[in-house]
Amino acid sequence: NTRLKSNSVIDSEMDLQMAVMLLSQQDPKILAYASSYIQHECFQADSAKTEIYRLGAIPHLISLLGIKNDNVQQSVCGALRNAVYKNTTNKLEVKKYGGIKQILQLLQETRDPETQKQITGLLWNLSSCENLKEDLINVALPVLTESVIIPYASEEHGNKTTDYEIFYNATGCLRNLSSAGETSRQLMRNSHGLIDSLMSHVQSCIDGNQADEKSVENCVCILHNLSYHLDSEVPTAFSHITENENMKSQNKATKKSSVGCFSPGPDQFDESELYNMPLPQEDDNPKGVSNLSHSKAIKMYTALIGKSKSDATLEACAGALQNLTASNKMSSYLMSSKIVDKEKALPQVSKLLSSSNPEIQKTAVSLLSNISRHNSLQSQLASQTLPDLARLLPGEGSSSKTSDDTIASACNIMRNLIPRNTSMAKTILQGSTLRNLMNLSKSSAHPSAGKAACLFLYEMWAQKELQSFFKKEGFGKKNFVNDLTSAAIRLTSQNSGSFRSKKFF
C-alpha cells in the first residue's frame, strides 16, 4: 500500500483519481474528506460523474455506507446523490452493487438529520430512472412511508421534530414512483397510512395559509396520479355509492344534450331518477384509498385551486377532479355535483381557463367537459363558465398559445351549454365571438377546433329563439349551415366525450 501523505499535500494534489484511491483508507476523517471532494466535483461538473464511474467509485462509496460514523455516512450519501443526478449510468451502478438496500437500511438506522436529508435526496434522484422504479416501489415505498411520511404528518404543524427537507425529498421520490403504472399505483394506494398522511399534511398547509409550501405540490401530484383510473382499478373506493340499494339498479344511459356531442355508454345512468333520492352516506372518517374519492378530497382540491399560485399544484388539483368525474357511471355525476353544488367551485375552475399555462387550460377544459355531460348541472355551468370558455376562441391576429384540442373541447362544451341558456348565449355570442367561431370553422391551423366550430355553428342555427338575434348581428343561415358545417355534421363521430387526466407528474 502507498503510504498516505500529509493533509496539506493531499489538499494541493487532490483530484478525482486520488479521492477514489482514498476511499480505501481506514481513517474516517480521510474517508469523509474524499467523499466530500467527490460530492463537490460532481456538483460542479457532469464530467466528474463520468470520471468517477470510470474510476469505479460507486461500489467503493456503497461499501462505506455501513461505517458507523455520521460524517462518513453523510458525505458518502452526498457524493452518491450528486453522482447519480441526471446520470442514468451511475444510477444503474448503484443498483448493480446493492446500493438501494444499503441506503434504505441506513435511513432506518441513522438519527442524523443531515444524513437523512442526503439519503432521501439520493432516493429522489434515483426514482427518476424508469429502470429503477419497480425496485424502489417495492423496497423504498414502505421505508419512506413508515420512517418519514407518517411521522412527519402526524406531528403538530409548527411543532415538527422531523426535518422538513427530509419530508420534501421523500414526497419527491414518491411523486416520481406514483407515475410508474397501475402496479405502482396499487401498491401506493395500499400502503398503510400513506394517503391519510399526504392528505393530512396538505390540509394542514391549507389551514395554515401555506398552500404554496413546496411539499404540497409533491403531495397533490401523488394524489392526482393515484386518482387515475380509480373507478376501474379500485371499485371499492366508490363503495358508498355502488352499495346504496336505491342506486344499484340505475344503469340507464345519460340523455344526450346535443347532436353528436356525448353519446351514452352501457354503464351510464339516468340522472333524472336521482333527483328525489337520498345521496349515499359517506364515512365521516375515511381511511386509505377511500380518501381519494371522499368529499374532503374534493374540498381540498377546490380550496387549493382558489389559493395556490403554483402551476403544478393547480394542474394536479384540476387533474384529480378531472379523473374523479371521468367515468360514465353514477360516481361521475355525484363527484360533479359536489364540485358544483357543494363546493361551488366553478368560479375557481373557470379562472384556470385564463391561465398562461396551456397545460392548466387543457386540464380545466377537460374537467368542465366531464361536468357538462350532466343535464342538471348545465344551467349553472353555462352562467358561470361560458364567458371564460368564449375567451379561449382565437380572434383575428391572436397569438394565443391555447392548443387546438383545448379550443375544440371548449367549443364542444359551449355546444352542450348554449341550448340550456339562450339568454346567456346572446350575451356571450354578440360582438366578436360569432365572427371568431366562423373564422375558426375555416381555419387550417386548428383542424380539430375548426371541426368543432362547424358543428357548433350548424347546431346553433337549429335554435329558433336565436335566429332573430343572429340576423340582428348581421348573419344569415348561410353563415351557419353551409358546405363546411354540413360536411362536419356528416362526418362527426358518436364516441363518448369523457376525459381523464392522463398526464403524470
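Rules of the game
- Residues numbered from 1 in each chain as written.
- Predicted model: local features only at pLDDT ≥ 70, side-chain atom pairs only at ≥ 80, totals over all residues.
- Heavy atoms only, no water.
- Helix = DSSP H or I, 4+ residues; strand = E, 2+ residues; numbered from the N terminus.
- Buried < 20%, exposed > 50% of the residue type's maximum accessible area, 1.4 Å probe, protein only.
- Contact = heavy atoms within 4.5 Å.
- Areas by Shrake-Rupley, 256 points an atom, 1.4 Å probe, with all protein chains shown as cover.
- Core = buried A, V, L, I, M, F, W, Y, C linked by side-chain atoms within 4.5 Å.
- Salt bridge = Lys/Arg side-chain N within 4 Å of Asp/Glu carboxyl O.
- Phe/Tyr/Trp six-rings, centres within 6.5 Å; stacked < 30°, edge-to-face > 60°.
- Lys NZ or Arg CZ within 6 Å of the ring centre and 35° of its normal.
- Arc of directions from axis to C-beta.
- Axes fitted to C-alpha atoms, helices over the stretch in contact; angles between N-to-C directions.
- Parallel < 35°, antiparallel > 145°, perpendicular 65-115°, else oblique.
- Left-handed = near helix turned anticlockwise from the far one by under 90°.
- Nonpolar A, V, L, I, M, F, W, Y, C, P; charged D, E, K, R; others polar.
- Disulfide = S-S within 2.5 Å.
- Expected span 1.5 Å × (residues − 1).
- pLDDT = per-residue confidence, 0-100.

J.: For this particular structure, what's the right way to read the overall build of the protein?
T.: Of the regular secondary structure elements, the protein holds 29 helices and 0 strands. The buried share among the 505 residues of the protein stands at 55%. When contacts within the protein are restricted to residue pairs at least 6 apart in sequence, those whose partners lie at least 24 apart make up 72%. Here the protein displays about 22200 Å² of accessible surface, and carbon together with sulfur accounts for 47% of that area.

J.: Is there a simple way to think about the nonpolar core in this case?
T.: As a rule of thumb, soluble globular proteins bury nonpolar side chains together. In terms of nonpolar packing, the biggest core is built from 140 residues, with Leu-123, Leu-126 and Met-460 touching the most fellow members. The biggest single contributor to this core is helix H10 (residues 130–154), with 10 residues. When neighbours within four sequence positions are excluded, Leu-123 is seen to be in contact with Ile-103, Leu-104, Leu-107, Leu-136, Leu-144 and Cys-173.

J.: How do you make sense of the pattern of salt bridges when you look at a structure like this?
T.: Note that side chains of opposite charge can pair when their charged atoms are close. Counting across every chain of the model gives 14 salt bridges. Where Glu-343 meets Lys-299, a salt bridge forms, and the shortest distance between an N and an O atom there is 3.8 Å. One end of the pair, Glu-343, is in the loop between helix H20 (330–342) and helix H21 (346–351); the other, Lys-299, is in helix H18 (residues 295–307), and 44 residues separate them in sequence. You can call Glu-343 buried: its relative accessible area is 17%. On the accessibility criterion, Lys-299 (48% relative accessible area) is partly exposed. The network of salt bridges with shared partners includes Glu-114, Lys-117 and Asp-163.

J.: Hey, could you run me through the packing of aromatic side chains in this one?
T.: Aromatic ring pairs: the centre-centre distance and the angle between the two ring planes describe each pair. Applying the stated criterion across every chain, the model contains 8 aromatic pairs. Pairing Tyr-152 with Tyr-164 gives two aromatic rings, centres 6.5 Å apart and planes at 55°, and the pair type is tilted. Of the two residues, Tyr-152 is situated in helix H10 and Tyr-164 in helix H11 (residues 164–177); the sequence distance between them amounts to 12 residues. Lys-214 extends its terminal NZ or CZ atom over the ring of Tyr-168, reaching a point 4.4 Å from the ring centre.

J.: Looking at this model, I keep getting lost on helix H12 (residues 182–189). Mind explaining?
T.: For an α-helix, 3.6 residues make a turn, and residues three or four places apart therefore share a direction. Where H12 is concerned, the buried positions are Ser-184, Arg-185, Met-188 and Arg-189. In an axial view of H12, the angular spread of the buried residues amounts to 135°, which keeps them on one side of the axis. Looking at the buried side of H12, the elements it contacts are H10, H11, helix H13 (194–207), helix H14 (214–226) and helix H15 (230–233).

J.: I tried to follow the packing of helix H3 (residues 28–44) against helix H6 (residues 70–84) on my own but got confused; where do I start?
T.: Between two packed helices, the angle of one axis relative to the other and the distance separating the axes together describe the packing. It is at 8 Å that the axes of H3 and H6 come closest, and there the two elements cross at 20°. By the angle between their directions, the pair H3 and H6 is classed as roughly parallel. For the crossing formed where H3 meets H6, the hand is left-handed. Facing H3, whose interface residues are Pro-28, Leu-31, Ala-32, Ser-35, Ser-36, Ile-38, Gln-39, Cys-42 and Phe-43, H6 presents Asn-71, Val-72, Ser-75, Val-76, Gly-78, Ala-79, Asn-82 and Ala-83. Here the contact of H3 with H6 is composed, by residue class, of 10 nonpolar, 7 polar and no charged.

J.: What am I meant to see in the environment of Leu-64 here?
T.: Relative to the helices and strands, Leu-64 resides in the loop between helix H5 (57–63) and H6. As a C-alpha pair, Leu-64 and Gln-102 span 38 residues in sequence and 9.9 Å in three-dimensional space. The contact partners of Leu-64, leaving out residues within four places of it in the chain, are Leu-23, Leu-31, Ser-35, Val-72 and Val-76.

J.: What is the right way to look at the state of the cysteines in this model?
T.: As used here, a disulfide is simply a covalent bond connecting the sulfur atoms of two cysteines. Summed over the entire model, instances satisfying the criterion amount to 0 disulfides. Left without a disulfide partner, Cys-219 is nearest to the cysteine sulfur of Cys-205, which lies 7.5 Å away. Looking at Cys-219, the relative accessible area reads 0%, which means it is buried.

J.: Honestly, the environment of Tyr-152 in this entry has me stumped. Any pointers?
T.: Here Tyr-152 falls in the buried class, since its relative accessible area comes to 5%. C-alpha of Tyr-152 to C-alpha of Leu-198: the two residues are 46 residues apart in sequence and 9.9 Å apart in space.

J.: Quick question: what am I supposed to make of helix H9 (residues 113–126) here?
T.: Here H9 spans 20 Å end to end across 14 residues, near enough to the 20 Å set by a 1.5 Å rise per residue. Burial of H9 is extensive: 11 of the 14 residues sit out of reach of the surface. Of the positions making up H9, those classed as buried are Thr-115, Gln-116, Lys-117, Gln-118, Ile-119, Thr-120, Gly-121, Leu-122, Leu-123, Asn-125 and Leu-126. Buried residues along H9 sit against H3, H6, helix H7 (88–96), helix H8 (99–109), H10 and H11.

J.: I tried to follow the packing of helix H22 (residues 358–371) against helix H24 (residues 404–417) on my own but got confused; where do I start?
T.: With their axes 9 Å apart at the nearest point, H22 and H24 run at an angle of 25° to one another. As far as their axial angle goes, H24 and H22 are roughly parallel. H22 and H24 meet at a crossing whose hand is left-handed. Residue-level contacts link Gln-361, Lys-362, Val-365, Leu-368 and Ser-369 of H22 to Thr-406, Ser-409, Ala-410 and Ile-413 of H24. Residues that form the contact of H22 with H24 fall into these classes: 4 nonpolar, 4 polar and 1 charged.

J.: When you look at the confidence of the model for the protein in this model, what are you seeing that I'm missing?
T.: For any part of a model where pLDDT is low, the fine detail of the predicted coordinates should not be relied upon. Model confidence for the protein is summarised by a mean pLDDT of 87, while 85% of its residues fall at 70 or above. Long-range and interchain partners of residues 245–266, a stretch whose pLDDT sits below 50, account for 64 contacts in this model, where long-range means more than four residues apart. The low-confidence segment residues 493–497 (pLDDT under 50) makes 13 contacts with residues lying over four places distant or belonging to another chain.

J.: What am I meant to see in the environment of Ala-45 here?
T.: The topology assignment puts Ala-45 in the loop between H3 and helix H4 (46–54). Judged by relative accessible area, which is 30%, Ala-45 ranks as partly exposed. Taking the C-alpha atoms as reference, Ala-45 lies 10.0 Å from Ala-83; in sequence the two are 38 residues apart.

J.: Got a minute to help me understand unusual backbone geometry in this structure?
T.: One can expect most non-glycine residues to show negative phi and most peptide bonds to be in trans. Look at Lys-86: it is not a glycine, yet its phi comes out positive at around 55°. Judged by relative accessible area, which is 69%, Lys-86 ranks as exposed. Non-glycine residue Lys-344 carries a positive phi angle of around 50°. Residue position: Lys-344 is located in the loop between H20 and H21. Classification of Lys-344 by relative accessible area gives exposed; the value is 57%.

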